[in-house]
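Below are the chains, spelled out letter by letter.
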Amino acid sequence: MSTNDQKKPQINSENHDTIGLLAIDNKGNISGACTTSGWAYKLHGRVGDSPIIGAGLYVDNEIGGACATGLGEAVIRICGSHTVVELMRQGHSPNIACKLAVERIIKSHENLEGLQVGFIGSK
Ligand code: ASP
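Below or above, wherever it landed, is the structure these notes cover. (Residues numbered from 1 in each chain as written. Predicted model: local features only at pLDDT ≥ 70, side-chain atom pairs only at ≥ 80, totals over all residues. Heavy atoms only, no water.)

**Description of the packing of helix H3 (residues 80–89) against helix H4 (residues 94–107)**
Piece 1. Between H3 and H4, the shortest axis-to-axis distance is 8 Å and the interhelical angle comes to 130°. For the element pair H3 / H4, the angle class is oblique. The crossing of H3 and H4 is right-handed. The residues of H4 that touch H3, namely those facing Thr83, Val84, Leu87 and Met88, are Pro94, Ala97, Cys98, Leu100, Ala101 and Arg104.
Piece 2. For the contact of H3 with H4, a count of residues per class yields 8 nonpolar, 1 polar and 1 charged. (Axes fitted to C-alpha atoms, helices over the stretch in contact; angles between N-to-C directions. Helix = DSSP H or I, 4+ residues; strand = E, 2+ residues; numbered from the N terminus. Parallel < 35°, antiparallel > 145°, perpendicular 65-115°, else oblique. Left-handed = near helix turned anticlockwise from the far one by under 90°. Contact = heavy atoms within 4.5 Å. Nonpolar A, V, L, I, M, F, W, Y, C, P; charged D, E, K, R; others polar.)

**Quick word on the sheet that holds strand S5 (residues 117–122)**
In a beta sheet, neighbouring strands pair by backbone hydrogen bonds and run either parallel or antiparallel.
Piece 1. Pairing in this open sheet of 3 strands is antiparallel, and the strands run S3-S4-S5 from one edge to the other. Each end of this open sheet is capped by a strand with a single partner; those strands are strand S3 (57–60) and S5. Looking at each pair of strands side by side, their axes are set apart by 10° on average, direction ignored.
Piece 2. With 4 bridges joining them, S3 and strand S4 (residues 64–70) adopt antiparallel strand pairing. Paired with Asp60 across the bridge in S4 is Gly64. (Pairing = 2+ DSSP bridges.)

**A word on the pairing of strand S2 (residues 30–35)**
Piece 1. By the bridge criterion, 6 bridges tie strand S1 (residues 19–24) to S2 in an arrangement that is antiparallel. Residue pairing across strands places Leu22 opposite Gly32, the latter belonging to S2.
Piece 2. Adjacent in sequence and paired antiparallel, S1 and S2 are bridged by 5 residues, among which Gly28 carries a positive phi angle near 90°.

Right under this line is the structure:
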């Protein structure tokens, strides 16, 4: 078994921990925050979605905001949080916008084993 073989942890809800939040003040201004420790056992130097605006977090005060959790590479590939906000701009509810973004990720992956992603959206 090579060193790489030994570093293939089971990816599940117990070894990642993004915290994303969206808040709206009494004037309707939206803000968001996103923090994560990233995947457990991640490759040295890996950058996940959380620190990338548009991937792990995106807010447009005219429309709404979104945050992501799960496999950052999958979220980055579709500019996930930005996609959710753009879908809301097109008239979708936050719930449907999040669902459509997840479906876009599903479509772009042949193998869904171990793939976990989720979004929250608000407008
Ligand atoms: N999204 C994070 C990352 O890919 C993982 C997590 O959900 O904590 O780094």
